[in-house]
Amino acid sequence: MAVAVLVPVHDSPLSPGAAFLPRALESLRAQTAGGWEAVVLDDGSPDPGPVAAAVAAAGDPRIRLVRLERNRGLGAALNAGLDATTAPVVAYLPADDVWTPDHLSALLGCLADPAVVRVRSGLTEPPGTAYDQLVQVAHRRTGDRWTEREELETDDLDRLMWQRVDAGGAVAETGAVTCSWTVHPGQRSRAIRSAFDGGLNVFRARYGVDRPLRFSSTDGADVDEVGRYARFRSRRYEPAADGLTVLVVGELAFNPERVLALAARGHSLAGLWTATGLGDSTVGPLPFGDVDDLGVVDPAALADPGAAWRRAVRELAPDVVWAQLNWRAVPLAHAVRTAFPDIPFVFTFKEAPQRSVVRGEWPVLADLVTGADACLFCSAEERDWFALALAGRVDPSRLGVLDGDLPLGEWLDAPLTPKLSDADGEPHAVVVGRPSGLDLDWVMELAGRGVHTHLYGQQRAPGTTGSWQSWLDEALARAPGYVHLHPPIGPDAWVPELSRYDAGWLHRFSSANGGDLRLATWDDLNSPARLPVCLAAGLPLLQQANPGSLVSVERVLRAEGTGLLYRSADDVADLLAEEVRTRTGAAAAMAARERHTFDAHADRLVDLFRSLAH
């Protein structure tokens, strides 16, 4: 039985497929089963040379090369392979994987049964993956096509293809382990999954995706950037005659579209992005447009005097560099400042200096803060922490405060929803993001007092991000009417979805700094990203009181009257009962929410830029 073997490959510094390709092709040529043809599918490698050289070195006329001029994604590459072949059976050999010599013959043996439409072998490493991997599968050629990037990008091959193929017949197993799924940092699946430090923006950076994505990971949730950013992509912002050219450097975290507030004021924006950000730290090419993309900078190119990113910055000649936002972006921000010391440089830093210390990058961060023309921190406490940590090295007058991850104001323009408590008489509080500090005992204490806990957007990831997994199932079983799990929502749904609740949870933690910022932790200094989200929906915030300590968010809540400050579960129940009765916190939140948008601070940021640029 003839077999078409599809060999997808992408070669770049972050996804070195060409280095693996000779090994894969050797394992193909060693097959005991004959009658195969193979198509190596180069999915837009920036430099086509290494892939082409590997195919040529194989020296086998049965192996052809098909190149996609730009990266179009796994689905498009495999569909190109289907178009280029005609054999009645299709098998898959990703460039970084390996077959044993009897792999094809074992698969074909199962397909001799006409009832079988798809067959899989076992994997040497790792066994028991969440879905059948390409390397272990062969199937009859059907009319089915792989889902392409325009519809969905996901690591879930069931959704991309297998479900449709399987509808046509039986799925069999060879019962033998005849292939290896190679685990390495450059895997596509690792770029997608948050459990491996991936995510939508890691994926975007790795493959240079220049359009909004519909994106899903097997350890996360679906994100529809196409719908979320449609309103922005339909707009065009005209530069003003006196507009500045602003180079954004680093990453934009959760609320990237905030930068459009500057475009709306007539300023031209360009972006230069870190390659080592987290999956929820937005990098370009940005999915909403109006920011010229200068590319993602590989860590190896930071110190290279001839690197393309340096040429791009010189050609742009920006009026100001605006570097940001979290600790992952520090090395790139420092490299840009060092390379272009004459360009006015503003550094906006949100979190967390403690991570820079752990990573051994405190000297870099310290040099960046002391060398920038101006630094803006997420809270007064974080600003003062840096002033203490760098006493004698930094001019305090160059240190200011601006939470760099505030949302764009127009997300607030949405209708409020009636409160659930107005219907059932019981308080409902919501967690947006990971339930930091919440555990089984605490949630059960709340449920026992009639308090509902609603969890939004939990990710299945290791460490603190996924710690909820250890207690959620038991909580749902013990208090099914009081613990609720919801899918994540985007900013377009914040107001209508979250406004039905009575309060939002901030991080639950005990501060031990005793009023001394030198002892402050990340939680003490931070301004949580969920704060403006809940305020947008008119929700007061539940925050554990820490008398005697300096805690940034606690100070803000007290000043604005938006906090429900508690010490015990009884306090929480009493505070929520009072809130349901009076809606005092909700009124304060509605009064404060505009101050927690980026638009409210954009003009003073531009004034700072102008003061440095002229």
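The coordinates are above.
A quick note: this is a predicted structure, and the numbers were derived from the prediction, not measured.

Conventions and cut-offs
Residues numbered from 1 in each chain as written. Predicted model: local features only at pLDDT ≥ 70, side-chain atom pairs only at ≥ 80, totals over all residues. Heavy atoms only, no water. Helix = DSSP H or I, 4+ residues; strand = E, 2+ residues; numbered from the N terminus. Buried < 20%, exposed > 50% of the residue type's maximum accessible area, 1.4 Å probe, protein only. Polar contact = N/O pair within 3.5 Å; in protein donor to acceptor, adjacent residues only side chain to side chain. Contact = heavy atoms within 4.5 Å. Pairing = 2+ DSSP bridges. Axes fitted to C-alpha atoms, helices over the stretch in contact; angles between N-to-C directions. Salt bridge = Lys/Arg side-chain N within 4 Å of Asp/Glu carboxyl O. Phe/Tyr/Trp six-rings, centres within 6.5 Å; stacked < 30°, edge-to-face > 60°. Lys NZ or Arg CZ within 6 Å of the ring centre and 35° of its normal. Arc of directions from axis to C-beta.

(A) Representation of the side chain of S511 within the structure. In this structure, S511 sits in the loop between β24 (503-505) and α20 (522-525). Look at S511 and you get buried, because its relative accessible area is 14%. Polar contacts involving the side chain of S511 include one to the side chain of N513, which spans 3.1 Å. Reaching out from S511, the side chain makes a polar contact with the side chain of S549 at a distance of 3.3 Å. The contacts of S511, once residues within four sequence positions are left out, are D524, N546, S549, L550 and V551.

(B) Structural context of the environment of H267. In this structure, H267 sits in the loop between α10 (260-263) and β15 (268-274). Distance in space between the C-alpha atoms of H267 and V246 is 7.2 Å, their sequence separation being 21 residues.

(C) Region of interest: the sheet that holds strand β16 (residues 292-297). In space, the seven strands of this open sheet follow the order β16-β15-β14-β17-β18-β19-β20, with parallel pairing throughout. If you trace the sheet from one side to the other, it starts and ends with β16 and β20 (399-401), each paired once. Going across the sheet, the axis of each strand differs from the next one's by a mean of 20°, ignoring polarity. Where strand β19 (residues 374-377) lies against β20, three bridges are found, and the strand directions are parallel. When the bridges of β20 are listed, F377 appears paired with V401. Seen against the sheet, helix α14 (residues 362-371) touches β18 (345-349), β19 and β20 and runs at an angle of roughly 130° to β18.

(D) Structural view of the pattern of salt bridges. Scanning the entire structure with this criterion turns up 41 salt bridges. Between R29 and D60 there is a salt bridge whose closest N-O contact spans 3.2 Å. You can see R29 sitting in helix α1 (residues 17-29) and its partner D60 sitting in the loop between α2 (49-58) and β5 (63-68), a full 31 residues away along the chain. Of the residues examined, R29 reaches a relative accessible area of 42% and is grouped as partly exposed. Among the ionic pairs, D155 bridges to R193, the shortest N-O distance being 3.9 Å. Taken together, the residues D155 in the loop between β10 (153-154) and α5 (157-166) and R193 in the loop between α6 (188-192) and α7 (200-207) connect sequence positions 38 residues apart.

(E) Spatial organisation of the environment of S421. Here S421 shows up in helix α16 (residues 420-424). When its relative accessible area of 3% is taken as the criterion, S421 is described as buried. Every residue in contact with S421, bar those within four places of it in the chain, is listed here: E426, H428, D502, V580 and R583.

(F) Structural context of the packing of aromatic side chains. As enumerated under the stated definition, the model contains 21 aromatic pairs in all. Plain terms: the ring middles of F232 and W411 are 5.6 Å apart, the flat faces sit at 85° to each other, and that makes the pair edge-to-face. Within this pair, whereas F232 is found in helix α9 (residues 230-233), its partner W411 is found in the loop between β20 and α16, the two being separated by 179 residues in sequence. Taking the relative accessible area as the measure of exposure, W411 reaches 3% and is therefore buried. For the ring pair W362 and F386, a centre distance of 6.0 Å and an interplane angle of 35° mean the geometry is tilted. One end of the pair, W362, is in helix α14; the other, F386, is in helix α15 (residues 380-389), and 24 residues separate them in sequence. Put simply, the rings of F347, F349, W362, F377, W385 and F386 touch in pairs and so form one group of aromatic residues. Over the ring of W327 we find R355, and its NZ or CZ is 5.0 Å from the ring centre. We note R508 situated over the ring of W442; from NZ or CZ to the ring centre the distance is 3.7 Å.

(G) Highlighting helix α18 (residues 469-478). Buried residues of α18: W471, L472 and A475, and no others. Along α18, the residues classed as buried sweep out an arc of 115° about the axis, all on the same side. Turned more than 90 degrees away from the buried face of α18 sit S470, D473 and A477, all of them exposed. Residues of α18 that are buried make contact with α17 (440-448), β22 (452-456) and β23 (483-486).

(H) Structural context of the environment of G175. Looking at the secondary structure, you find G175 in strand β11 (residues 170-180). Here G175 falls in the exposed class, since its relative accessible area comes to 76%. C-alpha separation for the pair G175 and D97, spaced 78 residues apart in sequence, amounts to 19 Å.

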